[in-house]
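Take a look at the letters that make up each chain.
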Amino acid sequence: MLDWWEGFWATYNAVIFGVGVSALLALSIYVTLSCGLLSLANAAFMGIGAYAASLISMQTALPFPVALAAGVALPMLVALIIGIPTLRLSGVYLAMATLGFGEVVRVTVLNMDITGGPMGLNGIPLKTEWWHIVLLLIVVLYFLARIRRSKIGRAFEAIKEDEVAARLMGVNVAGYKLLAFTIGAGIAGLAGGLNAHYTFTIGPGNFDFERAVEILTMAVFGGTGSLVGPTLGATILALLPEALSEFQDYRLAINGLILVLVILYLPNGIWDPRRIRAFRQGRRIGAAGKEAA
């Protein structure tokens, strides 16, 4: 049994780590979507967190938690700076602006010596353990669940449903949008720091447009009506390349197709609490009818 587990872990540990990191990324964009913000900057925030944490680990003797903390703090700071002017936009205009920001980050990293330029960083210390990802994923889920049930979560929902009405009710729309944007950036940066410390190497291509679309697809596919949806969507789409390894070159096309099909036929994602409750109620009513008959 032990030999089987060692063989299984040696073969699939990267996939299991990838599932945890993908779940964090899906949750990062879930925060912004829950506030009605269509942002495509999370891949860039992931890259900022990955490079910040990696450079601290490679060039200083500071412990791993400090490097991870920097990988969370720096994206949050950048989000705070760019969010103030950017979040005045909405819908597709916000998506375009944040996508442009992602390209600015990618090109900047591509031309900096400290980040390794086009070659990226190699020899990053392998410090991420499986329990790091599990523990931090649980902490993030708990944190977001508390937010969801708090005044902040209710404000997010109000802004998402009707921004004008929320403003008329006294909700600080700009402040809550900036808060959601900043929290999402921090979670994406955390995912980047964890990812960098188990992949050994990172490069500008790891945080490009394809990754941005992938993050959005995971959240939309799972559903943004609850925390279960993004986590489930990330898990399925992280495991999908292993099941469809022969079509690895078409991964972006497959993700795009999944996104289109979900929007057309399951607009609330595969995990829709309302649809699930309606289904259960229908079954109970049907069972009661049979008993009465």
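Please refer to the structure placed before this passage.
Residue indices begin from 1 for each chain and proceed along its sequence in written order. Reporting in this predicted model follows two pLDDT cut-offs: at least 70 for local features of residues, and 80 or more for side-chain atom pairs to be given and counted; totals over whole chains, interfaces and linings ignore these cut-offs and use all residues. Here the side-chain values reflect all heavy atoms present in the structure, with hydrogen atoms and water set aside.

Asks: So what exactly am I meant to see when it comes to the packing of aromatic side chains here?
Replies: Working definition: rings of Phe, Tyr and Trp (its six-membered ring) pair if their centres are within 6.5 Å, and the pair is stacked with planes under 30 degrees apart, edge-to-face with planes over 60 apart, and tilted otherwise. Using the criterion set out here, one finds five aromatic pairs in the structure. A ring pair is formed by Phe 17 and Tyr 198, whose centres lie 5.0 Å apart and whose planes are at 80°; its orientation type is edge-to-face. Of the two residues, Phe 17 is situated in helix α1 (residues 2-34) and Tyr 198 in helix α8 (residues 173-199); the sequence distance between them amounts to 181 residues. The cut-offs for exposure are 20% and 50% of the maximum accessible area for each residue type, with area from a 1.4 Å probe on protein chains only; residues under the lower value are buried, those over the upper are exposed, and the others partly exposed. Residue Phe 17 is classed as buried on the basis of its relative accessible area of 7%. An aromatic cluster is built from Phe 45, Phe 101 and Phe 181, whose rings are joined through pairwise contacts. Where helices and strands are cited, they refer to DSSP runs of H or I of at least four residues and of E of at least two residues respectively, numbered from the N terminus.

Asks: Hey, could you run me through the nonpolar core in this one?
Replies: The nonpolar side chains of a soluble globular protein tend to be buried, and buried together. Among the nonpolar cores identified, the biggest contains 77 residues, and Leu 25, Val 31, Phe 45, Phe 101, Leu 144 and Ile 202 are the most heavily contacted of them. For this core, the element with the most residues is α8, which contributes 14 residues. Only heavy atoms enter the contact rule, under which two residues are in contact if any of them lie within 4.5 Å. With residues up to four places along the chain from it excluded, the contact list for Leu 25 reads Met 46, Ala 188, Ala 191, Arg 211, Ile 215 and Met 218. The set of buried Ala, Val, Leu, Ile, Met, Phe, Trp, Tyr and Cys residues whose side-chain atoms join them within 4.5 Å is what this entry labels a nonpolar core.

Asks: Hey, could you run me through α8 in this one?
Replies: Residues three or four positions apart in an α-helix share a direction because the helix packs 3.6 residues into each turn. If you check α8, its first and last C-alpha atoms are 39 Å apart, about what 27 residues at 1.5 Å a residue would give, namely 39 Å. α8 sits mainly inside the fold: 23 of its 27 residues count as buried. Positive phi appears at Phe 200, one or two residues downstream of α8, with a value of about 75°. Expected span, for any helix, means 1.5 Å times one less than how many residues it has.

Asks: Just to check I follow, could you spell out helix α5 (residues 130-148) for this structure?
Replies: Helix length check: α5 (19 residues) gives 27 Å between terminal C-alpha atoms against 27 Å at 1.5 Å per residue, within 8%. Taken as a whole, α5 has its buried residues at His 132, Ile 133, Leu 137, Val 140, Leu 144, Ala 145 and Ile 147.

Asks: Explain the side chain of Thr 217 here, please?
Replies: Summarising the element assignment, Thr 217 is placed in helix α9 (residues 209-222). Once residues within four sequence positions are removed from consideration, Thr 217 is found in contact with Leu 237, Asn 255, Ile 258 and Leu 259.

Asks: What should I look at first to understand a nonpolar patch on the surface in this one?
Replies: Each patch is built from residues lacking any salt bridge and having more than 30% relative accessible area; the joining distance is 9 Å for like charges and 5 Å for nonpolar side chains (Val, Leu, Ile, Met, Phe, Trp, Tyr). Surface accessibility follows the Shrake-Rupley procedure with a 1.4 Å probe radius. Residue values consider only the protein chains on display as shielding. In the sections that follow, a salt bridge refers to a side-chain nitrogen of Lys or Arg positioned within 4 Å of a carboxyl oxygen of Asp or Glu. On the surface, Trp 130, Trp 131, Val 134, Leu 135, Ile 138 and Val 139 cluster together into a nonpolar patch covering about 600 Å² of accessible area. Tracing the backbone through its elements, the reader meets Val 139 in helix α5.

Asks: Help me out: how do you make sense of the side chain of Asn 42 in this one?
Replies: Examined against the element boundaries, Asn 42 turns out to sit in helix α2 (residues 42-59). Looking at Asn 42, the relative accessible area reads 3%, which means it is buried. If we skip the residues at most four places from it in the chain, Asn 42 touches Ser 28, Ile 29, Gly 184, Ala 188 and Ile 215.

Asks: In this structure, what is going on with the environment of Leu 24? I would like to understand it.
Replies: By the element assignment, Leu 24 lies in helix α1. Spatially, the C-alpha atoms of Leu 24 and Gly 184 are 9.6 Å apart, while their sequence positions differ by 160 residues. Once residues within four sequence positions are removed from consideration, Leu 24 is found in contact with Leu 136, Leu 137, Val 140, Ile 187, Ala 191 and Leu 194.

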